[in-house]
Amino acid sequence: MSVYEKLKQLQIELPAVATPAAAYVMHARSGNQVLLSGHIAKKAGKVWVGQFGRDMQTEEGRAAARSVAIDLLATLQDACGGDLNRVRRIVKVMSLVNSTPDFTEQHLVTNGASELLVEVFGERGRHARSAFGVAQLPMGSCVEIELIAEVEE
């Protein structure tokens, strides 16, 4: 099944590619690797603001991370010249989770993105990963995720 058939099956429509909020680009390519800049969580088109351990719970975080993964897919599609079927593998995901010092489920929040990538790409979506708790993220976002992918030349 192609990536696009899978997205359709999951009822996912990719959004427009996000624009940088500062002095950077949304993706950069080096050889057959594409590095995507961090994408922040959005809900209903606005920054998904919150902090885990204070006003957000893990399950809501999984949904936020999944939404970030959908935005990442849109940017990855742009980096692949419009064709996600050119993705050979998702190599690495790094997740920053806005959380209080006593919140320890950053890895479970990040599963929302990781699980979606496997749903969309199958075995090619399995990746190395880091999940960090941080004191704050740009614009108060609850989650920020960046991604590295290997693509066809």
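Coordinates for the structure precede this section.
Here is a short report on the structure shown in this document. Being a predicted model, the structure only gives us computed values, none of them experimental.

### Some points on the overall build of the protein
And step 1. From N to C terminus, the protein includes 3 helices and 7 strands.
And step 2. The order of α-helices and β-strands along the protein, N terminus first, is α-β-β-β-β-α-β-α-β-β.
And step 3. In summary, the protein has a C-alpha radius of gyration of 15 Å against a globular reference of 15 Å for 153 residues, a match within 12%.
And step 4. In the form shown here, the protein has an accessible surface area of approximately 7,600 Å², with 51% of it arising from carbon and sulfur atoms.
And step 5. A gap of 2 Å separates the mean positions of the 16 positive and 18 negative side-chain charges of the protein.

### Brief notes about helix H3 (residues 106–121)
And step 1. Spanning 16 residues, H3 covers 23 Å between terminal C-alpha atoms, matching the ideal 22 Å at 1.5 Å per step.
And step 2. Considered for burial, the residues of H3 that qualify are Gln 106, Val 109, Thr 110, Asn 111, Gly 112, Ala 113, Ser 114, Leu 116, Leu 117, Val 120 and Phe 121.
And step 3. Looking at the buried positions of H3, the neighbouring elements they touch are helix H1 (3–9), helix H2 (58–79), strand S5 (87–98), strand S6 (128–134) and strand S7 (143–151).
And step 4. Directly beyond the C-terminal end of H3, a positive phi value near 65° is found at Gly 122.

### What about H2?
And step 1. Taking 1.5 Å as the rise per residue, H2 with 22 residues should run 32 Å; its terminal C-alpha atoms sit 31 Å apart, in good agreement.
And step 2. Just past H2, the residue Gly 81 takes up positive phi, approximately 65°.

### Here's the deal with the packing of H2 against H3
The packing of two helices is summarised by the inter-axis angle and the distance between the axes.
And step 1. Interaxial distance between H2 and H3 falls to 6 Å at its minimum, and their mutual angle equals 45°. The angle between H2 and H3 places the two elements in the oblique class. Between H2 and H3 the crossing geometry is right-handed. Side by side, H2 and H3 meet where Thr 58, Gly 61, Arg 62, Ala 65, Arg 66, Ala 69, Ile 70, Leu 73 and Leu 76 of the first sit next to Leu 108, Val 109, Thr 110, Asn 111, Gly 112, Ala 113, Glu 115, Leu 116, Leu 117, Glu 119, Val 120 and Phe 121 of the second.
And step 2. A per-class count over the contact of H2 with H3 returns 12 nonpolar, 5 polar and 4 charged.

### Section: the nonpolar core
And step 1. Ranked by internal contacts, the top residues of the largest apolar core, which has 39 residues, are Leu 76, Ile 90, Phe 121 and Leu 147.
And step 2. Within the residue set of this core, elements represented by two or more residues are H1, strand S2 (33–40), H2, S5, H3 and S7.

### Points about unusual backbone geometry
And step 1. At Ala 44, a residue that is not glycine, the phi angle is positive and equals roughly 55°.
And step 2. Within the element layout of this structure, Ala 44 appears in the loop between strand S3 (42–43) and strand S4 (46–47).
And step 3. In this structure, Met 139 takes a positive phi of about 60° despite not being glycine.
And step 4. Tracing the chain through its elements places Met 139 in the loop between S6 and S7.

### Some words on the environment of Thr 100
And step 1. Assignment of secondary structure puts Thr 100 in the loop between S5 and H3.
And step 2. Thr 100 sits in the buried class, given a relative accessible area of 13%.
And step 3. C-alpha separation for the pair Thr 100 and Leu 14, spaced 86 residues apart in sequence, amounts to 31 Å.
And step 4. A polar side-chain atom of Thr 100 sits 2.6 Å from a polar atom in the side chain of Asp 102.

About the criteria used
- Residues numbered from 1 in each chain as written.
- Predicted model: local features only at pLDDT ≥ 70, side-chain atom pairs only at ≥ 80, totals over all residues.
- Heavy atoms only, no water.
- Helix = DSSP H or I, 4+ residues; strand = E, 2+ residues; numbered from the N terminus.
- Rg over C-alpha atoms; globule rule 2.2 N^0.38 Å.
- Areas by Shrake-Rupley, 256 points an atom, 1.4 Å probe, with all protein chains shown as cover.
- Lys, Arg positive; Asp, Glu negative; His and termini not counted.
- Charge placed at Lys NZ, Arg CZ, Asp CG, Glu CD.
- Expected span 1.5 Å × (residues − 1).
- Buried < 20%, exposed > 50% of the residue type's maximum accessible area, 1.4 Å probe, protein only.
- Contact = heavy atoms within 4.5 Å.
- Axes fitted to C-alpha atoms, helices over the stretch in contact; angles between N-to-C directions.
- Parallel < 35°, antiparallel > 145°, perpendicular 65-115°, else oblique.
- Left-handed = near helix turned anticlockwise from the far one by under 90°.
- Nonpolar A, V, L, I, M, F, W, Y, C, P; charged D, E, K, R; others polar.
- Core = buried A, V, L, I, M, F, W, Y, C linked by side-chain atoms within 4.5 Å.
- Polar contact = N/O pair within 3.5 Å; in protein donor to acceptor, adjacent residues only side chain to side chain.

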